[in-house]
Amino acid sequence: MLKTEDLKAEIRRMCEEKDAIILAHYYTIGDIQDIADFVGDSLALARKAAETDAKIMVMCGVHFMAETCKLLSPDKMVLCPDLNAGCSLADSCKAEDLKKFKDEHPGYHVISYVNTTAAVKALTDVVVTSGNAKKVVDQLPKDAKLIFGPDYNLGNYINEVTGRDMLLWNGGCHVHERFSVEKIIELKKQYPEAVVMAHLECKAPVLALADVKGSTATMLNYAQQSNQKQFIVATESGILHEMQRTCPDKKFIPVPPEISESGLECSCNECQYMKMNTLEKVYDCLKNENPQIKIDKKIARQAVKPIERMLELS
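In this text, all values refer to a predicted model and were calculated from it rather than measured experimentally.

Draft legend 1. Spotlight on the sheet that holds strand S10 (residues 212-214). Taking strand neighbours across the sheet as the criterion, the four strands line up as S10-S9-S11-S12 in an open arrangement whose pairing is parallel. Taken across any chain shown, the strands that pair with only one partner, and hence form the sheet edges, are S10 and strand S12 (251-254). Taken pair by pair, the neighbouring strands of this sheet meet at an average axis angle of 20°, ignoring direction. Sheet topology places strand S11 (residues 230-234) next to S12; four bridges connect them, and they run parallel. Among the inter-strand pairings, Gln 230 is bridged to a residue of S12, identified as Lys 251.

So, in structure tokens, the structure goes:
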């Protein structure tokens, strides 16, 4: 197997040769972010997918993100380094369950977080991200009956800041559900000058402790523009790579989970699905142009509509 630097060089060579670009989410490993043409959050990656002229897109993130790329670029080849890189939040809302819920609530419009499958998006009126959810909801009629899913914590926050009373799907992200309130309090004592930043997928008690609440991009932008030198960060620890890269003179402290998935305490909170993206898998999928993302045409026609609606409103 090639060494790390040789792998990176070969991946970039193949991108040039095949007219391919690499999109990487902030939660992937640092080596993946380092070789990417574009690193971003869900909304930024969706927009990049819609804008790119490249023939091939390698989506380093999780499966629903690769599906979103394919929905917005149906004529392009979209590669996913590991098809098993799923999402606990997307898995918490199955299309058949959402359809049943919609049938039980006639007259309601569905707002779905982007962290959903194409089949769920096909049942949706408008998609949102954590970065644009408030803006999108604010533009909908005040008397609209709304279902928001699948992230309960995000929906609860949007209800609070918009004054809405949306019906909330009871789903959650296994990473953001695990953050410890007690450990944030301990870190605040250890770093009294630090700014606490938390993703909107976190539980309400965690958000209540945060000075900055928002998407990964919101937190990154705040850190870059702030005069503060210390930040306590409650989101998937992969974001610290970009934070540290762009703010080398600042200190970023990851909030640990209450208990790690191994049952042992650890100093960071990681998404094992995002970490399934490796340089070796990126190399292999580019070389073999496989695995490719395929979406049923009927589902794709319906699923792209709420994404396009989101892009219009955001």
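Draft legend 2. Looking closely at the pattern of salt bridges. Inspection of the entire model under this criterion finds 14 salt bridges. Asp 249 is paired through a salt bridge with Lys 229; the nearest N and O atoms lie 2.7 Å apart. On the criterion of sequence distance, the pair formed by Asp 249 in the loop between helix H13 (239-246) and S12 and Lys 229 in the loop between helix H12 (216-225) and S11 is long-range, its members being 20 residues apart. A relative accessible area of 44% means that Lys 229 is categorised as partly exposed. Of the charged contacts, one joins Glu 312 and Arg 309 as a salt bridge, the two residues approaching to 3.5 Å between their closest N and O atoms. Taken as a pair, Glu 312 and Arg 309 lie in helix H15 (residues 297-313) at a separation of three residues, close to a single helical turn. The class of Arg 309 is partly exposed, set by a relative accessible area of 36%.

Draft legend 3. Spotlight on the pairing of S11. In terms of burial, S11 is largely enclosed, as four of its five residues are buried. Pairing analysis gives four bridges linking strand S9 (residues 195-199) to S11, with the strands arranged parallel. Bridged to Val 196 within S11 is Ile 232. With H13 bridging S11 and the parallel S12, this β-α-β connection has right-handed handedness.

Draft legend 4. Structural context of the packing of helix H4 (residues 63-72) against H15. Where H4 contacts H15, the two axes come as close as 9 Å, and the packing angle between them is 90°. With respect to H15, the axis of H4 lies roughly perpendicular. Facing Thr 68, Leu 71 and Leu 72 of H4, the residues of H15 in contact are Ala 300, Ala 303, Val 304, Ile 307 and Leu 311. Looking at the contact of H4 with H15, its residues break down into seven nonpolar, one polar and no charged.

Draft legend 5. The confidence of the model for the chain, seen in detail. Per-residue pLDDT for the chain has a mean of 93; in total, 96% of the residues score no lower than 70. Per-residue pLDDT stays below 50 along residues 260-266; that stretch engages in 10 contacts with residues further than four places along the chain or on separate chains.

Draft legend 6. Geometry of the environment of Asn 277. Here Asn 277 is to be found in the loop between S12 and helix H14 (279-288). For Asn 277 and Pro 81, which are 196 residues apart along the polypeptide, the C-alpha to C-alpha distance reads 6.2 Å. If we skip the residues at most four places from it in the chain, Asn 277 touches Thr 28, Ile 29, Ile 32, Met 59, Cys 60, Gly 61 and Pro 81. Among the polar contacts listed, one links the side chain of Asn 277 to the backbone oxygen of Gly 61, at a separation of 2.7 Å. Of the polar contacts made by the side chain of Asn 277, one reaches the backbone oxygen of Met 274; its length is 3.0 Å.

What counts, and at which threshold
- Residues numbered from 1 in each chain as written.
- Predicted model: local features only at pLDDT ≥ 70, side-chain atom pairs only at ≥ 80, totals over all residues.
- Heavy atoms only, no water.
- Pairing = 2+ DSSP bridges.
- Helix = DSSP H or I, 4+ residues; strand = E, 2+ residues; numbered from the N terminus.
- Axes fitted to C-alpha atoms, helices over the stretch in contact; angles between N-to-C directions.
- Salt bridge = Lys/Arg side-chain N within 4 Å of Asp/Glu carboxyl O.
- Buried < 20%, exposed > 50% of the residue type's maximum accessible area, 1.4 Å probe, protein only.
- Right-handed = clockwise from strand over helix to strand, strands pointing away.
- Parallel < 35°, antiparallel > 145°, perpendicular 65-115°, else oblique.
- Contact = heavy atoms within 4.5 Å.
- Nonpolar A, V, L, I, M, F, W, Y, C, P; charged D, E, K, R; others polar.
- pLDDT = per-residue confidence, 0-100.
- Polar contact = N/O pair within 3.5 Å; in protein donor to acceptor, adjacent residues only side chain to side chain.

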